[in-house]
Amino acid sequence: MLRALQIENYALIRSLDIQFDEGFTVITGETGAGKSILMGALSLILGSRAETDVLYDKSRKCIVEGTFDTTGLPLEPFFEQNDLDYNVLTTIRREINEHGKSRAFINDTPVTLATLKELTSTLIDIHSQHQNLLLQNSQFRLDILDQYAQNQQQRTNYRNALAQLKQVSQQYLQVKEQCAQAALQQEFNNYTVQELDNAQLQADEQEATEQSIQLLSHAEDIKSHLYSAAQQLSEQEDNTIIQQLKSVQSECHAVQQMGPEFQDIASRLDAVIVELKDLAYEIVRKENEIEVNPKELERLNERIDLIYSLQHKYQVDTIQDLLNLSDRLKKELGQYTDNQELLEQLEKQRQVLHDKAQLAAEKLSASRKGAISKFQKEVEERLHQLGMPDSSFEIVLTHRDEMQQSGTDDAQFMFSANRGIVPADLSKIASGGEMSRIMLALKSIISDTTLLPTVIFDEIDTGISGDTANKVAAVMGLLSEQHQVIAITHLPQIAARGDQHFLVYKNNVDGKAVTNLRSLNDEERIDAIAGILGGSEITESARATARELLNDKKTHSRK
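Residues numbered from 1 in each chain as written. Predicted model: local features only at pLDDT ≥ 70, side-chain atom pairs only at ≥ 80, totals over all residues. Heavy atoms only, no water.

Undergrad: Looking at this structure, I do not really get the overall build of the protein chain. What am I missing?
TA: When you go through the protein chain residue by residue, the secondary structure sums to 17 helices and 15 strands. In terms of C-alpha radius of gyration, the protein chain reaches 49 Å, well past the compact-globule figure of 24 Å for 559 residues. Here the C-alpha coordinates of the protein chain stretch approximately 160 × 60 × 40 Å along the principal axes. Per-residue burial over the protein chain gives 44% buried out of 559 residues. In the protein chain, 70% of the contacts between residues at least 6 apart in sequence involve partners at least 24 apart. For the protein chain, the accessible area works out to roughly 30200 Å², and carbon and sulfur atoms hold 48% of it. (Helix = DSSP H or I, 4+ residues; strand = E, 2+ residues; numbered from the N terminus. Rg over C-alpha atoms; globule rule 2.2 N^0.38 Å. Buried < 20%, exposed > 50% of the residue type's maximum accessible area, 1.4 Å probe, protein only. Contact = heavy atoms within 4.5 Å. Areas by Shrake-Rupley, 256 points an atom, 1.4 Å probe, with all protein chains shown as cover.)

Undergrad: Can you help me understand the packing of helix 6 (residues 205-217) against helix 10 (residues 294-313) in this one?
TA: Two quantities define a packed helix pair, namely the angle between the axes and the distance from one axis to the other. At a minimum axis separation of 9 Å, helix 6 and helix 10 run at an interaxial angle of 140 degrees. If you check the angle between helix 6 and helix 10, you find them oblique. Considering only the axes of helix 6 and helix 10, their crossing is left-handed. Across from Glu205, Gln206, Thr209, Glu210, Ser212, Ile213, Leu216 and Ser217 in helix 6, the residues of helix 10 making contact are Glu296, Leu297, Leu300, Asn301, Arg303, Ile304, Ile307, Tyr308 and Gln311. Taken together, the residues that form the contact of helix 6 with helix 10 break down as seven nonpolar, six polar and four charged. (Axes fitted to C-alpha atoms, helices over the stretch in contact; angles between N-to-C directions. Parallel < 35°, antiparallel > 145°, perpendicular 65-115°, else oblique. Left-handed = near helix turned anticlockwise from the far one by under 90°. Nonpolar A, V, L, I, M, F, W, Y, C, P; charged D, E, K, R; others polar.)

Undergrad: Explain the pairing of strand 5 (residues 89-96) to me, please; I cannot follow it from the model alone.
TA: Note on strand geometry: in a regular strand, side chains alternate between the two faces of the sheet. Counted residue by residue, strand 5 has six buried out of eight residues, so it is predominantly covered. When strand 4 (residues 62-69) meets strand 5, the two strands line up antiparallel, connected through eight bridges. Across the sheet, the residue bridging to Val64 is Arg94, located in strand 5. Bridge count between strand 5 and strand 6 (residues 102-106): five bridges; the pairing is antiparallel. By the bridge assignment, Glu95 is partnered in strand 6 with Arg103. Taking the residues that link successive antiparallel strands as the turn, the strand 5-strand 6 hairpin has five residues, and the phi of Gly100 there is positive, at about 90 degrees. (Pairing = 2+ DSSP bridges.)

Undergrad: When you look at the environment of Gln206 in this model, what are you seeing that I'm missing?
TA: Tracing the backbone shows Gln206 in helix 6. The spatial distance from the C-alpha of Gln206 to the C-alpha of Thr318 is 8.2 Å, given a sequence separation of 112 residues. Residue contacts for Gln206: discarding those within four places in its chain leaves Ile304, Ile307, Tyr308, Gln311, Thr318 and Ile319. Separated by 2.8 Å, the side chains of Gln206 and Gln311 make a polar contact. (Polar contact = N/O pair within 3.5 Å; in protein donor to acceptor, adjacent residues only side chain to side chain.)

Undergrad: What's the story with empty space enclosed by the protein in this structure? I'm lost.
TA: One simple way to see leftover space: roll a probe sized like a water molecule over the atoms. Under the criterion given, the structure shown has one cavity of 30 Å³ or more. What the largest cavity holds in volume is close to 60 Å³. If you go around the largest cavity, the residues you meet are Leu2, Leu5, Ile18, Phe20, Ile27, Leu38, Met39, Leu42, Ile456, Ile486 and Leu517. Where the lining of the largest cavity is concerned, the elements lending two or more residues are strand 1 (2-10) and helix 1 (35-45). For the lining of the largest cavity, the leading source of residues is helix 1, giving three residues. Tallied by class, residues from the lining of the largest cavity come to eleven nonpolar, no polar and no charged. (1 Å grid on protein atoms, 1.4 Å probe; cavity = no way out; pocket = protein on both sides within 12 Å on 5 of 7 lines; lining within 4 Å. Points joined across faces, edges and corners; volume = space filled by probe spheres on them.)

Undergrad: Can you help me understand the pairing of strand 13 (residues 484-488) in this one?
TA: Most of strand 13 is tucked away: five of the five residues are buried. By the bridge criterion, four bridges tie strand 3 (residues 24-29) to strand 13 in an arrangement that is parallel. Note that in strand 13 the partner of Phe24 across the bridge is Val485. Strand direction decides the pairing type here: strand 12 (residues 454-458) and strand 13, joined by five bridges, are parallel. Following the sheet pairing, Phe457 is matched in strand 13 by Ala487.

Undergrad: In this structure, what is going on with helix 7 (residues 219-233)? I would like to understand it.
TA: Since one α-helical turn is 3.6 residues long, residues separated by three or four positions face the same way. The first and last C-alpha atoms of helix 7 sit 21 Å apart over 15 residues, in line with the 21 Å expected at 1.5 Å per residue. Every buried residue belonging to helix 7 is among Ala219, Leu226, Ala230 and Leu233, and all of these are buried. Buried residues of helix 7 fall within an arc of 60 degrees about the axis and therefore sit on the same side. In this structure, helix 7 carries Glu220 and His225 as exposed residues pointing more than 90 degrees from its buried face. Of the surrounding elements, those touching the buried residues of helix 7 are helix 6, helix 8 (241-255) and helix 9 (260-289). (Expected span 1.5 Å × (residues − 1). Arc of directions from axis to C-beta.)

Undergrad: I keep staring at the sheet that holds strand 8 (residues 124-128) and nothing clicks. Help me out?
TA: Pairing between the strands of a sheet comes from backbone hydrogen bonds, and it takes one of two forms, parallel or antiparallel. On the basis of which strands lie adjacent, the open sheet formed by six strands has the order 8-12-13-3-14-15 and mixed pairing. Taken across any chain shown, the strands that pair with only one partner, and hence form the sheet edges, are strand 8 and strand 15 (512-519). Sheet twist, expressed as the average angle between the axes of neighbouring strands with direction ignored, equals 20 degrees. Note that strand 3 and strand 14 (residues 500-509) share five bridges and pair parallel. Following the sheet pairing, Val26 is matched in strand 14 by His501. Helix 16 (residues 522-534) contacts strand 3, strand 14 and strand 15 of the sheet and is inclined by roughly 75 degrees relative to strand 14.

Undergrad: Help me understand the sheet that holds strand 7 (residues 109-111) in this model?
TA: Here we have six strands laid out as an open sheet, ordered 2-1-4-5-6-7, and antiparallel in their pairing. Only two strands of the sheet have a single neighbouring strand rather than two, namely strand 2 (13-19) and strand 7. Each adjacent strand pair in this sheet contributes to an overall mean axis angle of 15 degrees, direction not counted. Contacting strand 1, strand 2, strand 4 and strand 5, helix 1 runs over the sheet at an angle of about 105 degrees to strand 1.

Undergrad: Can you help me understand a nonpolar patch on the surface in this one?
TA: A cluster of nonpolar residues, Val255, Met258, Phe262 and Ile265, forms a patch on the protein surface that exposes about 360 Å² of accessible area. Locating Phe262 in the fold gives a position in helix 9. Classification of Phe262 as partly exposed rests on a relative accessible area of 33%. (Patch = residues over 30% accessible without salt bridge, like charges linked within 9 Å, V, L, I, M, F, W, Y side chains within 5 Å. Salt bridge = Lys/Arg side-chain N within 4 Å of Asp/Glu carboxyl O.)

This is a description of form; function is not addressed.
Rendered as structure tokens:
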């Protein structure tokens, strides 16, 4: 239960420290006094979005802190899983600095808003008149039914299965798209790879081929020049270079005995003649090797034309680029094959997960259907207590093929306020006052089922008055026997039913409006309830009626 609520620097609130009791607490106050501000501050520690415009003093941070008594609640696993210190008296705090940055704490340990919401959802439920509109939402109706049927585990199983299905389905669609795109290129890639493979390209053949073409193209000229050079170096011919050098050699040998320097000249000349003879032999050999071969030249030209054509076609500069292209396309073709196999595996996996999710949805739906009859009966009983003795309430579940986050069901709440009238869609026929009582009936039943420690009703009594207000107050009183109930109300019947009564009021401090709250004693409660009854002027008649209402409350309490 909520033990205390401290609010600092929020909206029109400078500082408030509220201590709550068990049982039934009521909060009243004039319109505009700041009752909604209290709910806004409380919603912060329940994980609502924070805004900088809520700061009363823009130069200071806002702090909202709630202390909850968690006695008897199985929360130790939550604290352990989230690495939090567990205390029976748990403190939840939210801070908003002047720049709008928000921080959340559980027992002084920083936590995310998701963690904060997960904890507070087990501690407190706030219902306002605006939530009546949720009755028009199928998701909300299913949530109500699941809470009553205690389908938390079934919902978790289904949502886990659905999440797995969605993940695999998304992967399947991605791979399928990749395969579709690859299929468009597959024929071209196959043709390209085949063309490059048929060419039997070698990384270093282009330069060698170009050199061979150069040689064969000038073979005749080369042979002619080499033959002429060989003739000029030949020893068999007269007056050749070697013959002339031999004459020089003979002259140098004649003087080599005259000194070392002449001997060196003779030796060098000997070496030149030997080298020239070797060179002459090499020229002859090379000339003999050169072959005039028009057919080979034609073949090589065709080969180089093919290489140039492929390079131009695929816009690359070298044979190595062509080989790299071929390797890349082969990998893509292999990847396409791999993706096709993966696609088949994903399709099988998707079908298995679809069947798993479908089975989980069927179990969830069966649990809902099994709870409907008893739930309808309890709602009708609660509505009878709330002044609608002839009302009837039905839940109609319809199946849909597509699996949604809430399963494969749609829920429709059917209602009739009068005997003999066939129930129709609640959202279309119920009045505002009937909506409030239906929601109160649902909330009171769900609170009993889910064992929520604290239930807050924020002005849900719109459209209610007279004897109906007494009955609504009575149901809230009964609910407070099992839960802490806090009701913000403008009805005297509900205000009188409370065990604890706070008055919200507004005054001016230093020329600025400030919202305050104080606990009322018995006499002050009389005036507060009389003020609700009679408006700004409190009459003795209104006080007398207020006393009667408070006495009725005491009578009910003794019973």
